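# Geometric and topological summary
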Amino acid sequence: MTDIPPTSDDAPSAARPSARRRWLRWTGRAAMFGAIGVSAWAFRDQLPDAGALWDVATGAAPGWLVVVVLTQLASMTMFTRVQRRLLRAGGVRMSLPRALQITYAGNALSTTLPVGPAVSVAFTFRRFRRAGATPRLATAVIVLGGVVMNLGYAVVGLTALVAEPHSRSTAITGLMALAGALCGVALLWKWRRDAMNRLALRVFGPLLRHRLAAPLTDMWQGRGALRLRPLDWGVLGLMAVLNWSFDILSLTAAAHAVGVHTPLYAVALTYYAAQAAGSVVPLLPGGLGAIEASLAASLVAFGAQAVPAGAAVALYRLASFWGVIGVGWLAWLAIRLGDEDLPRLGARTTPGGGAVSPPPALLPVGAASAVPAPDSAESA
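### Here's the deal with the overall build of the chain
Looking only at helices and strands, the chain features 14 helices and 0 strands. Listed N to C, the secondary structure of the chain is α-α-α-α-α-α-α-α-α-α-α-α-α-α in terms of helices and strands. Counting over 380 residues, the chain shows a buried share of 36%. Counted over contacts in the chain with a minimum sequence separation of 6, partners at least 24 positions apart contribute 72%.

Below you can see the structure in the form of structure tokens.
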């Protein structure tokens, strides 16, 4: 049976949804920026003076500013080490500087480009493949790394809730209930494993067969490629917790730099409120605007003055957002320049005149033999 090529009337209809999505995305961003501008004009008498913010920020303590930068570097390093350890568990070794380049470049792509998360995942997947990882191993590392980081995020957030006096009893009750449920599931798994497997397949089978669950399916199928011991799980969990903890400490250091001495648990809750605000408004790159407003408002709610709170947020975002993006694009440029130098390796010839091909791991991204068909790994 021959395929019928699309007619000229079909082509515009195929491209129309993409154009419509782009129009809706930019319309939503314009509306959001317009709403921010209208709100700033309506509450202009209640906003801190820009000159006062500048004076406070420029008068920040230099020692605390160094701590802001160092904690951001430590946070990014912890995330890098999570993926690097997962790769090593699959038999692929990567130097820390190279892994940091990939992490920073992927973060810049994810934060600043349209559909940035998908572009970042594809970029990271190809870098792992070029380092020698199989498609399933690269997919498992990306997905499992995200799962580990989210678990660390939840642990830090629950710790902050336990430390806060007003939410302590509720948080402890919830943690005890969760621990009891997990223990019950573990005991049932030990004693009635076959029945639990049948029940899980009956309940979650239709969901796992959906195309949106392809990353989880790939991770489960590729779990054999990761030889993780109990010690590895412990180290991964610790590094995930440290990743978020260092980011919160960076915000705390920025606050101390301008004289805002809010308790650590309050800064952590402020951080989580801002993350929630940024995820509610996904149209803006990196939660730009929503995160800053939420951070400043939360610090004021915990007792800080408006001007120092705004200056602390500006210093923190300068390091955690703009600084990381700048380093990320420099890392991406370094990676791309390195890729452009690789084809020269293929120009070398043997003494007999035959061309010497570079190894597969050194071929440019666009080469057909550099990255074989990645199964369904790009869907991660």
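So, next bit.
### A word on helix 12 (residues 290–301)
Over its 12 residues, helix 12 extends 16 Å from the first C-alpha to the last, a length consistent with the 16 Å expected when each residue adds 1.5 Å. Taken together, the buried positions of helix 12 are occupied by Ala-290, Ile-291, Glu-292, Ser-294, Leu-295, Ser-298 and Leu-299. A positive backbone phi angle near 110 degrees is found at Gly-303, which sits one or two residues after helix 12.

### Some words on the packing of aromatic side chains
The relative placement of two aromatic rings is captured by the distance of their centres and the angle of their planes. Tallying each qualifying case throughout the model produces 5 aromatic pairs. With a centroid separation of 4.5 Å and 40 degrees between ring planes, the pair formed by Tyr-153 and Tyr-272 is classed as tilted. Of the two residues, Tyr-153 sits in helix 6 (residues 135–163) while Tyr-272 sits in helix 11 (residues 264–280), which places them 119 residues apart along the sequence. Taking the centre distance of 4.8 Å and the plane angle of 80 degrees together, the rings of Phe-321 and Trp-322 count as edge-to-face. The structure contains a cluster of three or more aromatic residues connected by ring pairs, namely Tyr-153, Trp-244, Tyr-271 and Tyr-272. The aromatic ring of Phe-321 is capped on one face by Arg-317, whose charged end is 4.6 Å from the ring centroid.

### Considerations on a nonpolar patch on the surface
A cluster of nonpolar side chains, namely Leu-158, Leu-161, Leu-175, Leu-178 and Leu-182, defines an oily patch on the protein surface of about 390 Å² accessible area. Going through the elements one at a time, helix 6 and helix 7 (168–191) are the ones with two or more residues in the nonpolar patch. The dominant element in the nonpolar patch, judged by the number of residues it contributes, is helix 7, at 3 residues. Take Leu-161: it is sitting in helix 6.

### Thoughts on the side chain of Ser-320
Along the chain, the position of Ser-320 falls in helix 13 (residues 306–341). The contact partners of Ser-320, leaving out residues within four places of it in the chain, are Gln-72 and Asp-247.

### Things to note about the pattern of salt bridges
All told, the structure shown has 3 salt bridges when counted by the stated rule. Notably, a salt bridge pairs Asp-232 with Arg-229, separated by 3.4 Å at the nearest N-O pair. Here Glu-292 ties to Arg-317 by a salt bridge, and the two come within 2.7 Å at their closest N and O atoms. Here Arg-317 lies in helix 13 and Glu-292 lies in helix 12, a separation of 25 residues in the sequence. The pair Glu-292 / Arg-317 is uniform in exposure class, with both members buried. One continuous salt-bridge network, built from bridges that share partners, spans Arg-85, Arg-229 and Asp-232.

### Looking at the packing of helix 6 against helix 10 (residues 230–257)
When two helices pack together, you describe them by how their axes are tilted relative to each other and by the distance separating the axes. Contact geometry for helix 6 and helix 10: axes closest at 8 Å, N-to-C directions at 60 degrees. Compared by their axis directions, helix 6 and helix 10 come out oblique. By crossing handedness, the relation of helix 6 to helix 10 is classed as right-handed. Taken together, the residues of helix 10 that come into contact with helix 6 (itself represented by Leu-144, Val-148, Met-149, Gly-152, Tyr-153, Val-155 and Val-156) are Trp-233, Leu-236, Gly-237, Ala-240, Val-241, Asn-243, Trp-244, Ser-245 and Ile-248. Tallied by class, the residues present in the contact of helix 6 with helix 10 amount to 12 nonpolar, 4 polar and no charged.

### What to know about the environment of Thr-77
Assignment of secondary structure puts Thr-77 in helix 3 (residues 62–89). Considered as a pair, Thr-77 and Ala-99 are 22 residues apart in the sequence and their alpha carbons are 9.1 Å apart.

### Section: the side chain of Thr-103
Here Thr-103 is to be found in helix 4 (residues 96–112). The class for Thr-103 is buried, based on a relative accessible area of 7%. Dropping the residues within four chain positions of it, Thr-103 is found in contact with Met-76, Phe-79, Thr-80 and Gln-83.

### As for the packing of helix 4 against helix 5 (residues 116–130)
Between helix 4 and helix 5, the shortest axis-to-axis distance is 7 Å and the interhelical angle comes to 160 degrees. Classified by the angle between their axes, helix 4 and helix 5 sit roughly antiparallel to one another. The handedness of the crossing between helix 4 and helix 5 comes out as right-handed. Listed contacts from helix 5 to Arg-98, Ile-102, Ala-105, Gly-106, Asn-107, Leu-109 and Ser-110 of helix 4 are Gly-116, Pro-117, Val-119, Ser-120, Phe-123, Thr-124 and Arg-127.

### Re the nonpolar core
Among the nonpolar cores identified, the biggest contains 63 residues, and Phe-128 and Leu-226 are the most heavily contacted of them. Listed by contribution, the elements that provide at least two residues to this core are helix 3, helix 4, helix 5, helix 6, helix 10, helix 11, helix 12 and helix 13.

### Description of helix 4
The end-to-end C-alpha distance of helix 4, which contains 17 residues, comes to 24 Å, matching closely the 24 Å that a straight helix rising 1.5 Å per residue would cover. Those residues of helix 4 lying buried are Ala-99, Ile-102, Thr-103, Tyr-104, Ala-105, Gly-106, Ala-108, Leu-109 and Thr-111.

Analysis parameters
- Residues numbered from 1 in each chain as written.
- Predicted model: local features only at pLDDT ≥ 70, side-chain atom pairs only at ≥ 80, totals over all residues.
- Heavy atoms only, no water.
- Helix = DSSP H or I, 4+ residues; strand = E, 2+ residues; numbered from the N terminus.
- Buried < 20%, exposed > 50% of the residue type's maximum accessible area, 1.4 Å probe, protein only.
- Contact = heavy atoms within 4.5 Å.
- Expected span 1.5 Å × (residues − 1).
- Phe/Tyr/Trp six-rings, centres within 6.5 Å; stacked < 30°, edge-to-face > 60°.
- Lys NZ or Arg CZ within 6 Å of the ring centre and 35° of its normal.
- Patch = residues over 30% accessible without salt bridge, like charges linked within 9 Å, V, L, I, M, F, W, Y side chains within 5 Å.
- Areas by Shrake-Rupley, 256 points an atom, 1.4 Å probe, with all protein chains shown as cover.
- Salt bridge = Lys/Arg side-chain N within 4 Å of Asp/Glu carboxyl O.
- Axes fitted to C-alpha atoms, helices over the stretch in contact; angles between N-to-C directions.
- Parallel < 35°, antiparallel > 145°, perpendicular 65-115°, else oblique.
- Left-handed = near helix turned anticlockwise from the far one by under 90°.
- Nonpolar A, V, L, I, M, F, W, Y, C, P; charged D, E, K, R; others polar.
- Core = buried A, V, L, I, M, F, W, Y, C linked by side-chain atoms within 4.5 Å.

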